[in-house]
Amino acid sequence: MAVEGGVEGCDNMRLQMLRDAPQHGVPLKIFDTQTPKGLGVLAERDVQEGELLVEYVGEVHERRQPRRGVYLLQIGGLQIDAKTYGNQSRFFNHSCNPNCRVESWQVPEPGSLHTREAVAIFASEFIKKGTELTYDYNFTTGEAAIACHCNAPGCRGVLSKKNSVCKKRPRC
């Protein structure tokens, strides 16, 4: 699928192009899940496995700073808090059996020789139009485990793999 000298198949360039022209990405719709999860995101068209869905944007913090946020993504040594400066990506819910994955990329800064770290959400399988988009939050916190409400087959009952015991398992 890669094209020599082109963009097709190059996730790094697709991520940069998506940032410059978000209308070329997969159309996403925020909806009320009518569950304790609150809002979620639906794909408004069929999505192919490996397809780039959206860049996760927000305030970037080093993981050494303990933070709790409503829209917090942890990856590598970074935490991204999308509460103030986020986009639709902040409404992707957790699932213990997700249909998306999160990846970190180095992308060129426009008009510069420097790169920046970007985090994007990709489809990890074929996703039918109207399906809720989810990824595994896999939180690692030193605090008590956070109860999971995904109700997916094989639900761990918590939002982390590290803390496998949750005192409150109201929905799993």
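Below is a summary of the structure that appears in this document. (Residues numbered from 1 in each chain as written. Predicted model: local features only at pLDDT ≥ 70, side-chain atom pairs only at ≥ 80, totals over all residues. Heavy atoms only, no water.)

Going through the model one piece at a time under the given rule, you end up with two aromatic pairs. Between Phe 92 and Tyr 135 the ring centres are 6.5 Å apart and the planes differ by 45°, which places this aromatic pair in the tilted class. Pair noted here: Phe 92 is in the loop between strand 6 (78-81) and strand 7 (93-94) and Tyr 135 is in strand 10 (residues 134-135), with a separation of 43 residues, a long-range link. Of the two residues examined, Phe 92 and Tyr 135, each falls in the buried class. Within the aromatic cluster, the residues linked to one another by ring pairs are Phe 92, Tyr 135 and Tyr 137. (Phe/Tyr/Trp six-rings, centres within 6.5 Å; stacked < 30°, edge-to-face > 60°. Helix = DSSP H or I, 4+ residues; strand = E, 2+ residues; numbered from the N terminus. Buried < 20%, exposed > 50% of the residue type's maximum accessible area, 1.4 Å probe, protein only.)

Spatially, the three strands line up as an open sheet ordered 3-9-8, and their pairing is antiparallel. Single-partner strands in this sheet number two, and they are strand 3 (52-56) and strand 8 (100-108). Across the sheet, the mean angle from the axis of one strand to that of its neighbour is 35°, orientation sign disregarded. Of the pairings in the sheet, the one linking strand 8 to strand 9 (residues 115-123) comprises nine bridges and is antiparallel in character. Pairing of Cys 100 across the sheet is with Ala 123, part of strand 9. (Pairing = 2+ DSSP bridges. Axes fitted to C-alpha atoms, helices over the stretch in contact; angles between N-to-C directions.)

Counted residue by residue, strand 2 (residues 39-43) has four buried out of five residues, so it is predominantly covered. Judged from the five bridges that link them, strand 1 (residues 28-32) and strand 2 form a sheet pairing that is antiparallel. Within strand 2, the residue paired with Phe 31 across the bridge is Gly 40. Between strand 1 and the antiparallel strand that follows it, strand 2, lie six residues; Gln 34 among them carries a positive phi value of about 60°.

Next up on the list: the side chain of Thr 33. Of note, Thr 33 is situated in the loop between strand 1 and strand 2. At 2.6 Å, the side chain of Thr 33 forms a polar contact with the backbone oxygen of Gly 38. Discounting chain neighbours no more than four positions away, the residues touching Thr 33 are Gly 38, Leu 39, Gly 40, Asn 93 and Glu 132. (Polar contact = N/O pair within 3.5 Å; in protein donor to acceptor, adjacent residues only side chain to side chain. Contact = heavy atoms within 4.5 Å.)

So yeah, pure geometry; function would need other evidence.
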